[in-house]
Amino acid sequence: KSLHFCFYRFHGEGYQEGYAEGSHVGVVEGRRYGSLHGAKIGSEIGSYLGFALTWQCLLQKCTDEKNSKRIRALDSLIGMIQKFPYEDPTYDKLQEDLEKIRGKFKQVCSVLNIQSDFRISTERSLLTF
């Protein structure tokens with residue numbers, strides 16, 4: 001009977017220790033994944049913002065209708081990026097808003113008659129024209 005009791009006792013202790021260790025490793029891995037994924041999103045959105053601000057400056061003095069449409073599209077993209085909730089990883093529409101920004105970026109590139117290709121690699125972010 002005492003052998004049976006020891007088995008259950010050590011089994012329970014082993015389970016608790018394994019659970020605690022697994023929880024700790026899971027938190028560390030989750031934090032690392034979140035940091036990496038957040039950095040990629042930040043790099044992508046930062047590239048979009050730099051692109052939009054640069055074009056906004058380049059088109060600032062052009063006042064014809066064609067450039068007016070381009071500037072409105074750029075202003076819209078900049079506004080979307082500025083409203084993006086960088087500080088709230090629990091924001092429930094984060095992916096949805098990110099897709100909207102990507103779509104607006106593609107629209108801006110189309111209006112500017114620019115082919116863009118934004119790819120994220122483990123080494124660096126690329127925005128090519």
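Within an unreviewed UniProt entry, the label attached to the chain reads LTO1 maturation factor of ABCE1, and the organism entered is Athene cunicularia. One UniProt comment on the chain, placed under Sequence similarities (unreviewed entry), says "Belongs to the LTO1 family."

Break down helix α3 (residues 94-111) for me, citing the residues and quoting the values.
Look at α3: 26 Å from first C-alpha to last across 18 residues, which is about the 26 Å you get at 1.5 Å a residue. Those residues of α3 lying buried are Leu94, Asp97, Leu98, Ile101, Lys104, Phe105, Val108 and Cys109. With its buried residues spanning 140° around the axis, α3 presents them on a single face. Residues of α3 that are exposed and point over 90 degrees away from its buried face: Lys106 and Ser110. Asn113, located one to two residues past α3, shows a positive phi value of around 60°.

For unusual backbone geometry, give the residues involved together with the corresponding values.
Phi is positive for Asn113, close to 60°, though the residue is something other than glycine. As for its placement among the helices and strands, Asn113 is situated in the loop between α3 and β1 (117-120).

The rules behind each value
- Residues numbered from 1 in each chain as written.
- Predicted model: local features only at pLDDT ≥ 70, side-chain atom pairs only at ≥ 80, totals over all residues.
- Heavy atoms only, no water.
- UniProt positions renumbered as here; feature names shortened; annotations may be inferred.
- Helix = DSSP H or I, 4+ residues; strand = E, 2+ residues; numbered from the N terminus.
- Expected span 1.5 Å × (residues − 1).
- Buried < 20%, exposed > 50% of the residue type's maximum accessible area, 1.4 Å probe, protein only.
- Arc of directions from axis to C-beta.

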